[in-house]
Each structure stands twice: as C-alpha cells, then as structure tokens.
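# Structure at a glance
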Amino acid sequence: MAFLGCQEKTSTNEPSEIQANTILKHLEELSQDKYLGRMPCMAGEPLTIDYLTNELKSLGLEPGNNGSYTQDVPLLTIDGSISDEMIVETKEGKESWKKGTDFVIHTQRNSSQLILEESELVFCGYGIVDEKLGWNDYADIDMKGKTAVVLVNDPGYGGDDPDFFKGDIMTYYGRWTYKYEEADRQGAEGLLIIHETSSAGYPWFVVQSSWQGPQQGLSGIDRSQDCGIKGWISLQKAQELFTNCGYDFTTEIKKARTKEFKPFSMDAKVSASLTNETKECISKNVIAYQKGTKYPDEYIVYTAHWDHIGVGKVVEGDSIYNGALDNASGTAAVLSIAEAFATAETPPERSVVFLFVTAEEQGLLGSEYYVKKPIFPLAKTVCNLNMDGLNPMGAMKDFSITGMGHSQMDNYAEKHAKAQGRYIVQEAEPEKGYFFRSDHFNFAKFGVPALYGDGSLEHAEKGKEYAETFKKDYVESRYHAPSDEYDAGTWNIDGGVQDAQLYYNIGHDLANNRDWPKWNESSEFKRPTKTLKD
Ligand SMILES: [Zn+2]
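Residues numbered from 1 in each chain as written. Predicted model: local features only at pLDDT ≥ 70, side-chain atom pairs only at ≥ 80, totals over all residues. Heavy atoms only, no water.

Helix and strand content of the chain: 13 helices and 21 strands. A compact globule built from 534 residues should have a C-alpha radius of gyration of about 24 Å, and the chain, at 24 Å, falls within 12% of that. A total of 534 residues make up the chain; the buried ones form 55% of that total. Here the contacts in the chain between residues at least 6 apart in sequence split such that 82% fall between residues at least 24 apart. For the chain, the accessible area works out to roughly 23000 Å², and carbon and sulfur atoms hold 49% of it. Averaging the locations of the 53 positively and 82 negatively charged side chains of the chain gives two centres separated by 4 Å. (Helix = DSSP H or I, 4+ residues; strand = E, 2+ residues; numbered from the N terminus. Rg over C-alpha atoms; globule rule 2.2 N^0.38 Å. Buried < 20%, exposed > 50% of the residue type's maximum accessible area, 1.4 Å probe, protein only. Contact = heavy atoms within 4.5 Å. Areas by Shrake-Rupley, 256 points an atom, 1.4 Å probe, with all protein chains shown as cover. Lys, Arg positive; Asp, Glu negative; His and termini not counted. Charge placed at Lys NZ, Arg CZ, Asp CG, Glu CD.)

Okay, here's the thing in structure tokens:
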C-alpha cells in the first residue's frame, strides 16, 4: 500500500472515492423507527432535519439559504369528504355514480366547500394543448363553468408511430399532473380523467387509494382561479356515459388521436360536492453548498427527498413506514457525495449544492417550492442530479436512465458509466412516465437539464433475470410498505456505491468545465432562452 504513494497524481483535481461506509451509516440511521417514517410536519421531521443539518455542518459545507441550512416550505393539507354520489344527467335520464367505485374527486383549492352544480360535460380528447405541434384539445371552447372529460396518457400510446407523441413512451402530456394544470389554464370548473389501466400504468384501486384521505399541496399559492374539482372516473362509467349521450366510445377515442379532433359538448350535466378541512404547516428543505473557486455563481444541484410516508396502517405488526430504500438510501448517497466534495484536496470551480427536499411523496412539493422560490437562480443552475432509491441488489453492468433522450445529461451519464465499465440504457418501462415522478422533474419543468437513473437492469454476476425478479419483489412486497427497512444481511450496497460514484463523477466533471448541457430538440422541456448566460 505505502509504496503506491510514489506515483504522484497527475492532477490534484482527480475525483475522490465515494465511501461505502458513509452511505451505510446514514442509511442505517435514517431508516430507524425513531424517525417515524419521516413524515413532513410530524414528530419525525425535526429529528431528520437536525441530523442532516449537523452532518452538513460537520463536513464544513456552507449553509445554503442566507446563513441557514433550511428553507421553509409551507404546506397545506386538504382533507376532503366527498358527497357519496355524483349525479350525471344525460338524455337517457339521471344516474347516480358511487364514490370510490365509479369516481374519485378532490380539490387543490384552499376552500371549505366546493360544488359542481349541473356543470356541462365537454369531451376534450386528451386535454392537451401544444402550439408547436398545432394541437389543441380545448380549441374554441370557453370552459368557464364546464367540466372537461379527458383521456389518460397521450395520443401516441398504443399507436405504431414512435415519433407521434413519442409512441409508447409517455410524454408529459400523458401525465395526470399535466392534465390538471391545463384544466387550470383553461379555467374549467371541473376535470374528470377517464381511467384505463394500461394507459395509466396502474389499476383503478391505485387511483382509489391515492385520492382518498388528506392530500397535501403547497400553501401560499393562490389557486382560487384554478379548476375547482378534479378527479377520475372509471372506464366502465365513461363508456356508459358516451353510450347514453349517443356516442361510440371507441370511435371518439380514434378521433381524439388526430389533429382534426374538436372538443364537443356531450349534452350532459354533472353534479357533486366536496367539504374540506384545511390545515397549514411549515415543513423544511435542507440545503448546503460548497462555493466554487472560479465560477461561484454557477451551480450543480444534487437532490434527494428526505421524507417518506410516516406511520400508517399496521402490516404484519408494523406501522412505521421506514422508507429505507425510499429514500433514506438516496439521502445517504447524496450525503456521501457531499462528503467527497467537501474533503477533496481541490474544491470545485463551480458551486455544488446539496438539496434535501421535503414532501416528495405528497407530490414533489419540496422541489416544486424550491424551483418556484429558488435560492440559487435556475438560469445559473447547470444541471440537477437526483437520487431516489439506491440499488440494494449489488453491482450492475448497466446504468439505466429514466427519461433518456431528453437532454445532453445522457452524454455525461454515458461517458462516466463507460469509465466504470458500464453501459447506459433506457429505463425498463418508459410508458409509465417515471421521469415525471421524482424531484428532478420540477427542475426539468423549469428548464434545468436533469439526470435521474440507476443501475437496474443487469446484475454484474447474476444477470438480467435476477435483477428483474428482485425489483418486482420490492415493488410487490416492500414499496410504500412498513417492510421497506434496512437489513444489513440482505442489502448489497455495491451497486449503490457504484451509482453514487457515477453521480459524483458527473457532478465533478461539470463543476470543473464550462459546459451547459442542453435539452434535445425532441424534448418537451427547454431552458427559457433569454435567461441562459454563459
Ligand atoms: Zn422516493
């Protein structure tokens, strides 16, 4: 060992090595029961925030928010009780739909009561507006007072043209969050998305369970003009509705898949009501940074969400949803990257930011708040590198990119994966829209190129099938369950270390060069052109 010291490093600015022990230490700590599943605004939050803050401090990193290691994130909890039925009136008469079985609705407005009263139903195809594509599912219709009925996913899904809305790969237009946002922009009174299992990527019961019970959103944002009542209806009810209105559902879907589609009134009315209890609380993002030596006002931002879903339904005698993988592991990995930067001989030329966001599980809220109230200007943010769930199955041959093809971040992933003897590959299920389901997405939405990926498809020794079975087992038995726990006996952190090293190497590369990775032409995301300065 000692004799190797004769070989002088060619440059003192070589990337450091990620410490597996650092990852394990933080992972083990944050997965403990005492953190109570790290639910925002609950007793586990201050413990988590203190832990992260102390670790960042002890690494000598600077507080990220004007002298503070935290950023307040005001959250609004809306607990809605829905009227048990929804009344739908067509020329065939009045029908009562049942809560849960036939529909779910909720609101994002800070309002104690919302009513849809004989609101006119308008079929708006996929609910998509894209000027560049000349696509407008709301063309020439004033949605005020009306309720839009829209299809899930986008028109490319299930077709045979990979260039038309990216074929089976889900574009952002396919995601329900987009449809909600567009209904807000259109000033609709209500929005009902027609659920269909394969297009949505999940069965009806997921819709049912996700949208009942309290929902969190960001507080302090005026939503009084937004679409008031939003939700989903079952495929069966949608088909009946079309029939009762004199339309053939399949024919109308076909039409909706073309540019020639025009939205139309279904000559039907819907009534429903919501009574809400609202509560506000302040949660926190944790933020620290290492100042760049040459270009301190250019930023590389690492993110990982610290939160999980707290204490809940007892499963096999356990009620604490520890979220070891999701996302104590990603948090631990970003801490290990912070350590590597903080202890390197040569500090980076650009600034490197470590941002641990809250309320990811409630809808990417901590990262949404950050991009809406950025501490470091987004126009000066080179890229975002997000970690959510570290691979526990061992070293891998691949690095699988979620949302491959969006930006030149792919090139960095490829370069550094290759150096590790790995290849890059597209995520396994691009039709499910995972790119829109973790915190990097908020950066993408606001124009910052983002990378989100991990070794996931091919185990270095045991191959592809092993990896597939392993992941399937996690999703079925541990994802968002109390059994997402850390177990030293079964976790193999080698792959997680590999990924943390890759993430670190990419950040180290970009922190010491002058490049601004760009979005690809085919991506629905772009940097706002005027704001980028080099
Ligand atoms: Zn997560």
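Turning next to the pairing of strand S5 (residues 103-106). Burial along S5 is two-sided: Phe 103 and Ile 105 facing one way and Val 104 and His 106 facing the other are all buried. Judged from the four bridges that link them, S5 and strand S12 (residues 229-233) form a sheet pairing that is antiparallel. The residue bridging His 106 from the neighbouring strand is Lys 230, located in S12. (Pairing = 2+ DSSP bridges.)

Okay, the coordination of the zinc ion next. Only His 305 (NE2), Asp 326 (OD), Asp 388 (OD) and Asp 388 (OD) from the protein coordinate the zinc ion, and they sit 2.0 to 2.6 Å from it. Coordination at the zinc ion is irregular, judged from the four donor atoms that bind it and the angles of 54 to 154° they form at the metal. (Donors = N, O, S within 2.8 Å, 3.2 Å for Na, K, Ca; no water. Tetrahedral: all angles 85-135°; square planar, octahedral: opposite > 155°, others 65-115°.)

Applying the stated criterion across every chain, the model contains one disulfide. Disulfide partner of Cys 41: Cys 281, at an S-S distance of 2.0 Å. Taking the sign of the torsion about the S-S bond as the criterion, the disulfide between Cys 41 and Cys 281, at about 80°, is right-handed. Taken together, the residues Cys 41 in the loop between helix H1 (20-30) and helix H2 (44-58) and Cys 281 in strand S13 (residues 264-290) connect sequence positions 240 residues apart. (Disulfide = S-S within 2.5 Å.)

Turning our eyes to something else, we now look at the confidence of the model for the chain. Interpretation of the predicted coordinates at a detailed level should be avoided for regions scoring low in pLDDT. When pLDDT is averaged along the chain, the result is 93; 97% of the residues meet or exceed 70. Predicted confidence is poor over residues 1-10, with pLDDT under 50, and the contacts of this stretch with residues over four places away or in other chains come to two contacts. (pLDDT = per-residue confidence, 0-100.)

It is worth spelling out the pattern of salt bridges at this point. Under the criterion given, the structure shown has 21 salt bridges. Salt-bridge contacts for Glu 95 lead to Lys 237; the nearest nitrogen and oxygen are separated by 3.5 Å. Here Lys 237 lies in helix H6 (residues 235-244) and Glu 95 lies in strand S4 (residues 93-98), a separation of 142 residues in the sequence. Classification of Glu 95 by relative accessible area gives partly exposed; the value is 27%. Taking relative accessible area as the criterion, Lys 237 reaches 11% and is therefore assigned buried. Between Glu 429 and Lys 432 there is a salt bridge, and its shortest N-O distance comes to 3.2 Å. The exposure class of Lys 432 is partly exposed, given its relative accessible area of 22%. The network of salt bridges with common partners includes Asp 184, Arg 223, Asp 226 and Lys 230. (Salt bridge = Lys/Arg side-chain N within 4 Å of Asp/Glu carboxyl O.)

Another point: the nonpolar core. If you look at the biggest cluster of nonpolar residues, it comprises 58 residues, and the most contacted ones within it are Tyr 302, Phe 354 and Phe 356. Take this core: its biggest share by element is eleven residues, from helix H8 (residues 324-343). Ile 229, Ala 256, Ala 272 and Phe 525 belong to the second largest nonpolar core, which has 44 residues in total. (Core = buried A, V, L, I, M, F, W, Y, C linked by side-chain atoms within 4.5 Å.)

Next up on the list: the pairing of strand S6 (residues 113-123). Both S6 and S13 contribute to a ladder of eight bridges, which runs antiparallel. Looking at S13, one finds that Val 122 is bridged to Ser 265. As defined by bridge partners, S6 adjoins strand S9 (residues 147-151) across three bridges and the pair is classed as parallel. Bridge assignment links Phe 123 to a residue of S9, and that residue is Val 149.

Attention shifts here to the side chain of Thr 22. Its location among the elements puts Thr 22 in helix H1. What makes Thr 22 buried here is its relative accessible area of 8%. Setting aside anything within four residues of it in sequence, one finds Thr 22 in contact with Ser 336 and Glu 339.

Among the structural elements, Gln 426 can be located in strand S20 (residues 423-426). Judged by relative accessible area, which is 30%, Gln 426 ranks as partly exposed. For Gln 426 and Ser 400, which are 26 residues apart along the polypeptide, the C-alpha to C-alpha distance reads 5.5 Å. Residues within four places of Gln 426 in sequence aside, it is in contact with Ile 169, Ser 400, Ile 401, Met 404 and Leu 457.

Glancing now at the side chain of Asp 509. With respect to the helices and strands, Asp 509 occurs in helix H13 (residues 494-511). Residue classification places Asp 509 among the buried positions, given a relative accessible area of 14%. Excluding anything up to four places from it in sequence, Asp 509 contacts Tyr 412, Lys 415 and His 416.

With an omega of 5°, the peptide bond between Asp 326 and Asn 327 qualifies as cis. Mapped onto the secondary structure, Asn 327 falls in helix H8. Despite not being glycine, Cys 41 has its phi angle at roughly 70°, a positive value. One non-glycine residue with positive phi stands out, namely Asp 140, at about 55°.

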